[in-house]
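# Breakdown of the fold
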Amino acid sequence: MVVAVRASSFILQLQQICAMAKTFGHSALLVLVFLSILSEYSEQLQSSQVQTLLRLKHLLNSPAVLSSWTNDTDFCNTEPSPSVTVVCYDESITQLLIIGEKGTPPLPHSFSMDSFFTTLVKIPTLKVLTLVSIGLWGPLPGKIARLSSLEIFNVSSNFISGAIPQEISSLTNIQTLILDDNMFNGQLPHWLSSLSVLSVLSLKRNSLEGILPESLGSLENLRILDLSHNHFLGQVPDLSSLTSLQVLDLENNSLGPQFPHVNKKIVFLVLRNNKFSSGIPSEVSSYYQLQKLDISLNRFVGPFPPSLLGLPSITYLSISGNRFTGMLFENLSCNSELEYVDLSSNLLTGKLPDCFLSNSKDLTVLYFGNCLNTGDISQHPFSFCRNEALAVGILPHRRKREQTSKIVLAFSISGGIIGGIALVGLAFMIARRVHLKQTKGTVPLRSLAESASTGYSSKLMSEARYASQAMRLGALGLPAYRMFSLEELEEATDSFDTSTFLDQGSHGQMYRGRMKDGSFVAIRCLKMKRSQTTQSFMHYIELISKLRHLHLVSALGHCFECYLDDSSVSRLFLVFEFVPNRTLRSWVSKRGARRTLTWAQRIAAAIGVAKGIQFLHTGIVPSVVVNNLKITDVFLDQNLVAKISSYNLPFLVESMRQVGEQISSGGSKGLDKARVKHEEKSDVYDFGVILLEIIMGIPLDSTDELDVERDQLQRVITADNAARRSTVDPAIHNGYADESVKTMMEICIRCLVKDPGDRPSIEDVLWNLQFAAQVQDAWRGDTQSSDESPVSLVQPPRRQRNLQ
């Protein structure tokens, strides 16, 4: 009120001076008098602000951190300190920061929160208000709404109680709201959705409760959401539309049971100590920016996806205190930047990955309370994990056979029937002799999955338990690899009716099948030479069962159809996951397509293909190279995740024995390393062709077309921005960063060089693709909002990695 009166007086004086100047024509006098009055008014305003700040000091019981505040203090020109900061703009206070000692007790009983904020709102120009650890107590007054310019409000580490006042909803400029370490109670208000520019919401260590409101999912600018250490319960609302969200911390609540839906650019995801159950969804393995994942002390069951260890940005992973199953292998890949891994208190079997030892010496790994083969007393016996898994229903129960008239014997890598194999084999031998006498020389066909009576080696039998555990592992939310019966496949395809036929190729016929649970599968049928028995295929089955990856059309199982007289294989059926969402070409270069991919989606698809190739090269032994990849071999699933559907598996019978010999002799150790490297670069070239079509949006079906477009791309890389834009697929509508486009073009050209030795490795390709994605993400964030939040996790893009 005092300031308003003084301002009115100031305006009146100006009007009088102007009238005098007009009458007498003394303009110089007007200027001098104007400056004099303005100076007087500025001093009066400064004096008003000083009195307000000194009043706040008094209400806070004159804490030590404010001991320097006196009547003579020039607040707008005082050097800021870590404890006290006052910032002015145009002689008005815009920022006030007071941080007391940690553990400061509540202010005396004489303190009044209402009086404090009544004084505080006399500085309506405040944009940043930070009051941390100064002993504030009592409910937060609704008059906070009078600070309408507020952008950052932080009152953490006090004793503020009661509900979060609804008046905060009127602070439409608020970007950061931090109420940590207080005594707020009640439910999280639904009106938070009205804070449209809110970027940081942190309410940890309070007494908030109830179900999280769906309105959280509409805070499209939210980057940090920390609700840890409260009493929230129930399902987490869908947050997948929050494309800017980088930090989600829900630790120590009662949330669950479903894993929360978040966007794939999440950086920190902490779900520790809640009631989440079921399994980890497959899309988590595609969170390429994820640095920290903590899902410990929950109720998760099912297979642990080892691919989490190899996420490109992961440094911290904790799954302890759950019921994860699966077998770990020595050759699993890990991110070289891993710093902390906690696998303890689960139901894991197998061996610790070698990468735990070969990674940085600073890596901490905890694994006690599993059934790992480590030779120390911290592990349970193998039977403990198997029995515990059965107790919580992780492993499927065996089905009784419905058709006892058929002679079918199952020896499944994915089954748990090793204990009864001798008895079943004996029954088969008796039945076979009876049947042969009845058939009198005829050679009928029968359905068979791995005959146990055809003379498996003792080594294979001894390793059967190991193999069966590997198959139970499953991956990425897919069912575990298993044996299918011929009856199942015939029922799924209506006896392989022509209406279910999909494709005919050198690798056999492909059919679409629908299983009893309603899921669709793709079934490849391969006719075999009579000389091959099921034993000849065992190493091959072991190989294909390992091909479980987010960016591969993964194998789900197999079935053998065998001749009864000598158990040789007639047909081999391979069952794959079904990916219905068309090929990558139909999304980027097929004319007349209903939809096309954005630039960010195209980068994500390219990253997916590169990761699939990397897994084929390094994720299994022996490696799978020279895959003759084409863009029509890449499909997109319902989430637009790219999956390679055709890779160079040794389908032909003549290759089976070679595969077996290669595996039994120690994988690829006997192969010429230079030749293997050369073959890997063949896949890099094929990837370059795919990348070229992704960039230009033009189908490339001939060598001539490829050469023309490659030369065009080579010319515009070093040209200006306009030239590059004229080359990129116009369907993208300029929705991309030029640096991201240039990076992708450079990767593409390097992949397409003639000399294989000059092509980059798939690891370097993948690194640079991720760099292009980061550039695009940063550009998109800049274009969405020019006013960045003061609290941000967005880092400058990393310098591009050398492709040589």
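None of the values given here were measured: they were computed from a predicted structure.

The rules we used
Residue positions are given per chain, counted from 1 along the sequence in the order it is written. Whole-chain, interface and lining totals are the exception, using all residues; otherwise, since this is a predicted model, local features are given only for residues with pLDDT of at least 70 and side-chain atom pairs are given and counted only at 80 or more. The basis for every side-chain value is the complete set of non-hydrogen atoms in the structure, without hydrogens or water. A run of DSSP states H or I qualifies as a helix once it reaches four residues; a run of E qualifies as a strand once it reaches two. Both are numbered from the N-terminal end. Accessibility here uses a 1.4 Å probe with only protein chains present; expressed as a share of the type maximum, an area under 20% marks a residue as buried, one over 50% as exposed, and anything in between as partly exposed. Calculation of accessible area relied on Shrake-Rupley with a 1.4 Å probe; when residues are assessed, cover is drawn exclusively from the protein chains displayed. How far a helix is expected to stretch is found by multiplying one less than its residue total by 1.5 Å. Here the arc refers to the set of directions running from the helix axis out to each C-beta atom. A pair of Phe, Tyr and Trp rings is counted when the ring centres sit within 6.5 Å of each other, with Trp represented by its six-membered ring. The angle between the planes then sorts it: under 30 degrees is stacked, over 60 is edge-to-face, the rest tilted. Note on geometry: a ring has a charge over it if NZ (lysine) or CZ (arginine) is within 6 Å of the ring centre and within 35 degrees of the ring normal. Known as pLDDT, the predictor's confidence for each residue is given on a scale from 0 to 100. The contact criterion used throughout is that any non-hydrogen atoms of two residues lie within 4.5 Å. We call two strands paired when DSSP finds no fewer than two bridges between them.

## A word on the overall build of the protein chain
- Scanning the protein chain for helices and strands turns up 18 helices and 33 strands.
- Taking all 804 residues of the protein chain together, 49% fall into the buried category.
- Summing over all exposed atoms, the protein chain offers an accessible surface of approximately 37,400 Å²; the carbon and sulfur share of this is 52%.

## Observations concerning helix α15 (residues 703-717)
- Helix length check: α15, at 15 residues, gives a terminal C-alpha distance of 21 Å against a target of 21 Å (1.5 Å per residue), a fit within 8%.
- Listed in full, the buried residues belonging to α15 are Leu 706, Glu 709, Arg 710, Leu 713, Val 716 and Ile 717. Within α15, the buried residues cover an arc of 130 degrees as seen down the axis, which keeps them to one side. Across α15 from its buried face, at more than 90 degrees, point the exposed residues Asp 704, Val 708 and Arg 715.

## Describing the packing of aromatic side chains
- Inspection of every chain in the model, using the stated rule, returns 15 aromatic pairs.
- Between Phe 501 and Tyr 511, the ring centres sit 5.7 Å apart and the planes meet at 75 degrees, which makes this aromatic pair edge-to-face. Of this pair, Phe 501 sits in strand β27 (residues 501-505) while Tyr 511 sits in strand β28 (residues 508-514); the two residues are 10 residues apart in sequence, bridging distant segments of the chain.
- Of the aromatic side chains, those joined through ring pairs into one cluster are Phe 259, Phe 276, Phe 300, Phe 304 and Phe 324.
- Note that Lys 292 overlies the ring of Tyr 316, its terminal NZ or CZ placed 4.7 Å from the centroid.
- When the ring centre of Trp 587 is taken as reference, the NZ or CZ atom of Arg 582 above it lies at 4.5 Å.

## Brief notes about the confidence of the model for the protein chain
- Mean pLDDT over the protein chain: 77, with 73% of residues reaching 70 or higher.
- Throughout residues 1-10 the model reports pLDDT below 50, and contacts reaching past four residues in sequence, or to other chains, amount to 11 contacts.
- When the criterion is pLDDT under 50, residues 784-804 qualifies, and its contacts beyond four places in sequence or with other chains add up to 49 contacts.

## Examining the pairing of strand β10 (residues 207-211)
- The pairing of strand β8 (residues 183-187) with β10 spans 3 bridges and is parallel. Residue pairing across strands places Gln 187 opposite Glu 209, the latter belonging to β10.

## A word on the sheet that holds strand β4 (residues 137-139)
- The 6 strands lie next to each other as β4-β6-β8-β10-β12-β14, forming an open sheet whose pairing is parallel. Each having just a single partner strand, β4 and β14 (254-255) make up the two edges of the open sheet.
- Here β4 runs beside strand β6 (residues 159-162); their pairing, made up of 3 bridges, is parallel. Across the sheet, the residue bridging to Trp 137 is Phe 159, located in β6.

## Some remarks on the sheet that holds strand β16 (residues 277-278)
- Taking strand neighbours across the sheet as the criterion, the 5 strands line up as β16-β18-β20-β22-β24 in an open arrangement whose pairing is parallel. The open sheet has two edge strands with one neighbour each: β16 and β24 (371-372).
- Summarising the sheet, strand β20 (residues 323-328) and strand β22 (residues 347-350) pair through 4 bridges and their orientation is parallel. Within the sheet, the bridge partner assigned to Thr 325 lies in β22 and is Leu 347.

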